[in-house]
Amino acid sequence: MKKKAEWPRKLRSQEWYGGTSRDVIYHRGWLKNQGYPHDLFDGRPVIGILNTWSDMTPCNGHLRELAEKVKAGVWEAGGFPLEVPVFSASENTFRPTAMMYRNLAALAVEEAIRGQPMDGCVLLVGCDKTTPSLIMGAASCDLPSIVVTGGPMLNGYFRGERVGSGTHLWKFSEMVKAGEMTQAEFLEAEASMSRSSGTCNTMGTASTMASMAEALGMALSGNAAIPGVDSRRKVMAQLTGRRIVQMVKDDLKPSEIMTKQAFENAIRTNAAIGGSTNAVIHLLAIAGRVGIDLSLDDWDRCGRDVPTIVNLMPSGKYLMEEFFYAGGLPVVLKRLGEAGLLHKDALTVSGETVWDEVKDVVNWNEDVILPAEKALTASGGIVVLRGNLAPKGAVLKPSAASPHLLVHRGRAVVFEDIDDYKAKINDDNLDIDETCIMVMKNCGPKGYPGMAEVGNMGLPPKVLKKGILDMVRISDARMSGTAYGTVVLHTSPEAAVGGPLAVVKNGDMIELDVPNRRLHLDISDEELARRLAEWQPNHDLPTSGYAFLHQQHVEGLILAPISTSSRDVVETRSARTATDNVNPGLEIDERRGITPSFSLHLFKMKKWRYILYKCTGDMVMSRTVGAAEFKAKCLNLIDQMGKDDESIVITKRGRPVAVLSPAPDTSGRRSIIGAMKGSVLRYDDPLSPAAEAEDWDAVR
């Protein structure tokens, strides 16, 4: 158990609000225009309530009301709550896709925390990208932080049938194409789909990520499943406000909660609940922010033998409301613990272990949370597929797939992009039947752009009219967590960068073998090499705005798309080799007027590491090196710099700590100047351990 920090002590916010200096009066005095009395600035914890409310994020439309309950809890515990609006990207509103903006949101959240006088943070989230983006930003700053989600909508009903958010949208749309539902009936059903405030009421990505936050230990036990309009959701918000104040006093930080064991708990939880494939992308990104070595192999290793026991759409028949009444996620965690599939001593934001939180809970409905022997599928984890069609991997959700298609060989019917698919899919002359495999290209991070949720391609009407409800579908896209089917997603490398998916042709035979984790294009190695050599990119490139930055710096989809944040480099380093090309995070240099020909960053993972980036045209090479080699590289860079070159900034967690200067000092020797302690490293210094330890204190 973590040792609690000394209390009382001086908190971070006192750098802004404590004392009588001109600067303190400037910071404190302006905030007093809101009517805050002077004694609120006495050193008590200042809690930032990071709110993703937006009228254009309907899933989060009720978060203002919840924020008031969080504030009440903070006041009760002796804290000082201040609400801060942050970037809110809604999957059902943002184009081309909210995923394109997840890292932009994370970057904005990180800087909102870093640049303002917060001692702790409450992350008020809902729609699926808001949860990972806020956790990512908070993890980078590593201040005490806690998640409270907005909760799912109430059940939908249409003509006596439960209606699941998203799940029935896909189902009813296919029924219209098959002639089983009229357009008028479809419009009538629309009114029943979203009948209260909250996120999707299925086990979609929003409910999945709420569950992941709880399984990671970043939310209070029981948070994930409480409906958005249930009075107990308000109670949870108020209790969260109380708890964050004590977390600040104890100095309980995300890095102490989100350990490798916590991520393994989350992966197994995702398998047990039949969670979204999008959790793969988000957890890899979050893990990178806290320096945890997490990879696709961990997903396959941890989730492979975990049964899916939560009987919720899209895999089962119930919705989040029933899941809450049955006992919610604590029951699932208890079942995992009883099966030996839970790290019971993982710490949570409560200050207690996960097992202490769940060991006494009761399952109130075994048709909603099933016994293992009645599981929806015996192996519910996200399947990681590899083969010549997906050298870097692809994923499939077995609990949402058709068992008879998990081993299948079929003829490829190829769509070059989403527009090509839309133009052809309803054509009765399309040469396709239920044995074929639908293949869609150019829907990944670069191709779409942003990796939209279009992987669950609707079937052609002529197949649907036969009563066929599923076919194998393969793409480099994502799929909504509310969707279902035998859908292979995240195929990597993506088509837009010349991955094998780009050269699949109509008529090629493709083999899917889920038990053996294999995805194979049945052509010879020589033919595949010839096609790849002849391939040319054919998608339009943005020329301005964030879309341009995203296109320039986005990484492979399996590793998760990353933005221009220097912290996002670490987000995926655990799954890279030392010589992989990565995004440099040059915005620090650019806004300080530094020529970004080289960029040097230091990151805290398990310990401080020196990471060197060198631009070569539009590519950036990265290496993780020791202190001595880092110093030598710095000096080598100085030797390469002309006397008229601008200085190069070395940054630590995004803040300048040292400068490489091309200008000679008074003794005629060029230097590395340590900005923190003023130490100077000369280019001819010996690289002895003693010198290294002394010299590099300034930049460690």
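Located above this text is the structure these notes cover.
Residues numbered from 1 in each chain as written. Predicted model: local features only at pLDDT ≥ 70, side-chain atom pairs only at ≥ 80, totals over all residues. Heavy atoms only, no water.

1. A short note on the nonpolar core
Then comes step 1: Grouped together as the largest cluster of nonpolar side chains are 100 residues, with contacts concentrated most on L50, F263, L283 and F323.
Then comes step 2: If we ignore the near neighbours within four places in the chain, the residues touching F323 are M203, A225, V310, L312, G328, L329, V332, V368 and I369.
Then comes step 3: Residues L396, V504, L512 and L521 belong to the second largest nonpolar core, which totals 28 residues. (Core = buried A, V, L, I, M, F, W, Y, C linked by side-chain atoms within 4.5 Å. Buried < 20%, exposed > 50% of the residue type's maximum accessible area, 1.4 Å probe, protein only. Contact = heavy atoms within 4.5 Å.)

2. Re helix α2 (residues 22-31)
Then comes step 1: Taken residue by residue, α2 has V24, R28 and L31 as its buried positions. Taken down its axis, α2 places every buried residue within 55° of arc, on the same side. Along α2, the residues that are exposed and aim more than 90 degrees away from the buried face are R22 and W30.
Then comes step 2: As for α2, its buried residues are in contact with α1 (14-17) and β2 (80-85). (Helix = DSSP H or I, 4+ residues; strand = E, 2+ residues; numbered from the N terminus. Arc of directions from axis to C-beta.)

3. Points about the state of the cysteines
Then comes step 1: Under the definition given, this model contains 0 disulfides.
Then comes step 2: The thiol of C121 is not disulfide-bonded; the next cysteine sulfur, from C141, is found 7.3 Å away.
Then comes step 3: Looking at C200, it has no disulfide partner, and the nearest cysteine sulfur is the one in C59, 5.3 Å off. (Disulfide = S-S within 2.5 Å.)

4. As for empty space enclosed by the protein
Then comes step 1: In the structure shown here, the tally under the stated rule is 3 cavities of 30 Å³ or more.
Then comes step 2: Empty space within the largest cavity amounts to approximately 80 Å³.
Then comes step 3: In terms of residue count, the dominant contributor to the lining of the largest cavity is helix α16 (residues 354-358) (3 residues).
Then comes step 4: Grouping the constituent residues of the lining of the largest cavity by class yields 6 nonpolar, 4 polar and 2 charged.
Then comes step 5: Here the second largest cavity is characterised by a volume of approximately 40 Å³.
Then comes step 6: Around the second largest cavity, the lining residues are G126, T131, T149, G151, P152, T199, A206, S207, A210 and A224.
Then comes step 7: Looking at side-chain class alone, the lining of the second largest cavity contains 4 nonpolar, 6 polar and no charged residues. (1 Å grid on protein atoms, 1.4 Å probe; cavity = no way out; pocket = protein on both sides within 12 Å on 5 of 7 lines; lining within 4 Å. Points joined across faces, edges and corners; volume = space filled by probe spheres on them. Nonpolar A, V, L, I, M, F, W, Y, C, P; charged D, E, K, R; others polar.)

5. Considerations on the packing of helix α8 (residues 205-216) against helix α12 (residues 278-289)
Then comes step 1: Interaxial distance between α8 and α12 falls to 10 Å at its minimum, and their mutual angle equals 40°. Here α12 runs oblique to α8, going by the angle between their axes. At the point where α8 passes α12, the crossing takes the right-handed sense. Contacts from T205, T208, M209, M212 and L216 of α8 reach α12 at N278, A279, H282, L283 and I286. (Axes fitted to C-alpha atoms, helices over the stretch in contact; angles between N-to-C directions. Parallel < 35°, antiparallel > 145°, perpendicular 65-115°, else oblique. Left-handed = near helix turned anticlockwise from the far one by under 90°.)

6. Observations regarding the sheet that holds strand β4 (residues 145-149)
Then comes step 1: Spatial ordering of the open sheet is given by β2-β1-β3-β4, a layout of 4 strands whose pairing is parallel. Both edges of this open sheet fall to β2 and β4, since each of them pairs with a single strand only. For this sheet, the mean inter-axis angle between neighbouring strands, taken without regard to orientation, is 20°.
Then comes step 2: Pairing of strand β3 (residues 120-125) with β4, which is carried by 5 bridges, proceeds in the parallel orientation. Residue pairing across strands places V122 opposite I146, the latter belonging to β4. (Pairing = 2+ DSSP bridges.)

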